[in-house]
Amino acid sequence: MDMNVTPHPALEDAVNRRLLQAVERGLPLVLQPYAHIGKQLGIGEDEVIARLQSLQEQGIIKRMGVVVRHRALGYRANGMVVWDVADDNVGATGCRLGAMPFVTLCYRRPRRLPDWPYNLFTMIHGRDRLQVLARVDQLLHSGGMQGCAHQVLFSQRCFKQNGARYTTLDTPREASS
Amino acid sequence: MNTPALALTPTEQRLLDEFQHGFPLEPRPYASIARQLGISETAVVETLRHLQAAGVVSRVGPVLHPNRIGASTLAAVAAPSARLETIAALVSEYPEVNHNYQREHHYNLWFVVTAPDRAHLGEVLADIRARSGLEVLDLPMLEDYFIDLGFRLQWT
């Protein structure tokens with residue numbers, strides 16, 4: 001993959017950039033949110049909708065909907081499970097694990113030898129540690145991960161959690177909240 | 001972080017479960033949700049406001065795909081335990097850092113850095129390295145295997 005990430009062509013469009021900036025922290029909770037945003041940007045409601053539709057089709061928006069906070073709902077335990085998977089097998093393994101209902105993220109990342117040998121990252125939320133560990137067991141025994149070197153990194157303290165803000169960083173800096 | 005899990009009504013549960021993706025792209029999106037839930041449009045908006053104030057809903061809107069817009073990476077440092085909080089505060093200072101967690105591991109501080117481009121990202125990592133005196137693991141996402149349909153909540 002290209003590590004010198006070049007902006008997606010859709011983002012060279014100034015209106016799209018301003019639109020993402022306007023919505024990345026959430027739609028306003030008013031009856032006509034798209035009209036509200038359109039007014040801010042000086043475009044029509046239908047144009048806001050069409051642009052969001054297109055950004056979603058192009059994969060820049062991954063999903064649109066309610067974003068929940070797991071912890072507030074009682075999902076207290078969060079284990080990042082890291083695996084050392086043979087390079088020629090990582091794609092198939094990643095697709096398999098990413099489709100498990102309790103896996104909430106599944107990414108391939110580079111190894112950094114000798115310090116860091118793991119190349120596949122999965123996130124598992126649970127009500128407590130035992131539930132997370134039971135799910136890791138399930139991956140080991142029925143998810144085809146038997147014998148695969150892995151570690152479970154439980155989260156302890158959260159020092160900061162914000163939605164990612166890609167678009168505001170190239171305009172004047174703001175302190176994040 | 002120690003608030004007990006909220007007791008949610010069946011309607012609130014459905015609102016959280018069924019609308020994490022496919023949010024209506026039409027002029028009155030909450031009206032369309034209201035029809036599916038059998039409540040009024042204003043009740044949908046009020047319930048979402050309530051859930052947001054209670055900290056259950058972070059926001060309603062788009063989840064952007066990492067790396068399609070700018071550059072981002074997952075980074076980690078192994079902070080000596082006596083310095084962990086100081087290092088964590090140093091890392092959280094950067095507006096480019098949006099998640100910062102302590103995890104149980106030799107690498108005990110994990111954070112996500114997001115920037116408009118890889119050069120900017122590299123500067124932030126170098127700065128953290130210089131100020132903390134710690135090596136920073138830089139683990140950018142290479143491939144995403146997860147189809148994000150939101151989080152399947154299990155109420156039982």
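For clarity, every value in this text was computed on a predicted model and none was experimentally measured.

Enquirer: Mind showing me how you'd approach the pairing of strand β2 (residues 71–77) of chain B here?
Expert: Every regular strand shows the same layout, with side chains that alternate between the two sheet faces. All names here are of chain B. Counted residue by residue, β2 has seven buried out of seven residues, so it is predominantly covered. Of the two faces of β2, the one carrying Ala71, Thr73, Ala75 and Val77 and the one carrying Ser72, Leu74 and Ala76 are both buried. Relative to strand β4 (residues 109–115), β2 is paired through seven bridges, and the arrangement is antiparallel. Looking at β4, one finds that leucine 74 is bridged to valine 112. Relative to strand β5 (residues 137–139), β2 is paired through three bridges, and the arrangement is antiparallel. Counted as the bridge partner of alanine 76 is leucine 137 from β5.

Enquirer: Looking at this model, I keep getting lost on the sheet that holds strand β2 (residues 77–83) of chain A. Mind explaining?
Expert: Strands pair in a sheet through their backbones, by hydrogen bonds, and they do so in one of two ways: parallel or antiparallel. What the nine strands build is an open sheet, ordered β5(B)-β2(B)-β4(B)-β3(B)-β5(A)-β2(A)-β4(A)-β3(A)-β6(B); its pairing is antiparallel. The sheet terminates laterally at β5 and β6 (143–144) of chain B, the two strands that pair on one side only. In terms of strand pairing, β2(A) meets strand β4 (residues 120–126) of chain A through seven bridges, oriented antiparallel. Looking at β4(A), one finds that A:Asn78 is bridged to A:His125. Strands in contact with helix α5 (residues 129–142) of chain A are β2, β4 and β5 (150–161) of chain A; relative to β4(A), the strand with the most contacts, it is inclined by about 135°. Packed on one face of the sheet, helix α5 (residues 118–132) of chain B meets β2, β4 and β5 of chain B and runs near 145° to β4(B).

Enquirer: Can you walk me through the pattern of salt bridges in this structure?
Expert: Side-chain pairs of opposite charge can arise where the charged atoms are in close proximity. Taken as a whole, this structure holds 13 salt bridges over all chains when the rule is applied. The partner of B:Asp138 in a salt bridge is B:Arg118, with the nearest N and O atoms 2.3 Å apart. Residue B:Asp138 is located in strand β5, and its partner B:Arg118 is located in helix α5; the two are separated by 20 residues in the primary sequence. Its salt-bridge partner being B:Glu135, residue B:Arg129 comes within 3.8 Å of it at the nearest N-O pair. B:Glu135 sits in the exposed class, given a relative accessible area of 61%. Each of A:Asp13, A:Glu47 and A:Arg51 takes part in one network of salt bridges that share partners.

Enquirer: Hey, could you run me through the interface of chain A and chain B in this one?
Expert: Many structure descriptions define interface size as the accessible area lost when the parts assemble. Tallying the contact residues gives 92 residues for chain A and 88 residues for chain B. Of the roughly 8700 Å² buried between chain A and chain B on both sides combined, carbon and sulfur atoms contribute 61%. Along the contact surface separating chain A from chain B lie four salt bridges. B:Glu104 is paired through a salt bridge with A:Arg129; the nearest N and O atoms lie 2.7 Å apart. Across the chain A-chain B interface, the total number found is 36 residue pairs in polar contact (both at pLDDT 80 or more). Per element, the largest residue contribution to the side of chain A that touches chain B is eleven residues, and it comes from β5(A). Its residues placed into classes, the side of chain A that touches chain B shows 45 nonpolar, 26 polar and 21 charged. Relative to β6(B), strand β3 (residues 103–108) of chain A runs antiparallel, the two being bridged by two bridges. Note on β6(B): the bridge partner recorded for A:Tyr107 is B:Asp144.

Enquirer: Can you walk me through the nonpolar core in this structure?
Expert: Soluble globular proteins tend to bury their nonpolar side chains together. Ranked by size, the top nonpolar core spans 42 residues in total, and within it A:Tyr34, B:Leu16 and B:Tyr30 carry the most contacts. For this core, the elements supplying multiple residues, two or more each, are α1 (14–23), α2 (33–41), α3 (45–57) and β1 (61–68) of chain A together with α1 (10–18), α2 (29–37), α3 (41–53) and β1 (57–64) of chain B. Filtering out sequence-adjacent residues up to four positions away, B:Tyr30 remains in contact with A:Leu27, A:Pro28, A:Leu29, A:Val30, A:Leu31, A:Pro33, B:Phe23, B:Glu41, B:Val44, B:Val45, B:Leu48 and B:Val60.

Enquirer: Teacher, can you tell me more about the pairing of β2(A) here?
Expert: Residue and element names in this part refer to chain A. Within β2, seven of the seven residues are buried, leaving the element largely enclosed by the surrounding structure. Burial of the side chains of β2 extends over both faces: Ala77, Gly79, Val81 and Trp83 are buried on one face and Asn78, Met80 and Val82 on the other. Bridging between β2 and β5 involves five bridges; their strand directions are antiparallel. Looking at the pairing, methionine 80 lines up with leucine 153 of β5.

Enquirer: Which parts of the structure should I look at to understand the packing of α1(A) against α3(A)?
Expert: Axis angle and axis distance: for two packed helices, these are the angle between their axes and the distance between the axes, and together they describe the pair. All names here are of chain A. Their axes nearest at 11 Å, the elements α1 and α3 cross at an angle of 90°. With respect to α3, the element α1 is oriented roughly perpendicular. On α3, the residues that touch Val15, Asn16, Leu19, Leu20 and Val23 of α1 are Glu47, Val48, Arg51, Leu52 and Leu55. Residues belonging to the contact of α1 with α3 are distributed by class as follows: seven nonpolar, one polar and two charged.

Rules behind the numbers
- Each chain has its residues counted from 1, running along the sequence as written.
- Chain A is the first chain written and ligand 1 is the first ligand written, with later ones labelled in order.
- Local features are withheld for residues below a pLDDT of 70 in this predicted model, meaning they are given only at 70 or higher, and side-chain atom pairs are given and counted only at 80 or more; totals for whole chains, interfaces and linings count all residues.
- Side-chain calculation: all heavy atoms of the structure are included, whereas hydrogens and water are not.
- A 1.4 Å probe rolled over the protein chains alone gives each residue an accessible area, and that area as a share of the maximum for its type sets the label: buried under 20%, exposed over 50%, partly exposed in between.
- A run of H or I in DSSP becomes a helix once it reaches four residues, and a run of E becomes a strand once it reaches two; helices and strands are each numbered from the N terminus.
- Strands are treated as partners if at least two bridges between them are detected by DSSP.
- Only heavy atoms enter the contact rule, under which two residues are in contact if any of them lie within 4.5 Å.
- The axes used here are C-alpha line fits, helices contributing only the stretch in contact, and every angle between their N-to-C directions lies in the interval 0 to 180 degrees.
- The salt bridge definition used is simple: a Lys or Arg side-chain nitrogen within 4 Å of an Asp or Glu carboxyl oxygen.
- Take the accessible area each of two parts loses on contact, using a 1.4 Å probe, and add the two losses: that sum is the buried area.
- For the purposes of these results, a polar contact is taken to be a pair of N or O atoms within 3.5 Å, where, inside protein, one atom must be able to donate a hydrogen and its partner to accept one; residues adjacent in sequence count only when each atom of the pair is a side-chain atom.
- Three residue categories are used. Nonpolar comprises Ala, Val, Leu, Ile, Met, Phe, Trp, Tyr, Cys and Pro, charged comprises Asp, Glu, Lys and Arg, and polar comprises the others, including Gly.
- As used in this record, nonpolar core signifies buried Ala, Val, Leu, Ile, Met, Phe, Trp, Tyr and Cys residues forming a set joined through side-chain atoms within 4.5 Å.
- Should an angle lie under 35 degrees it is considered roughly parallel, over 145 roughly antiparallel, and from 65 to 115 roughly perpendicular; all remaining angles are considered oblique.

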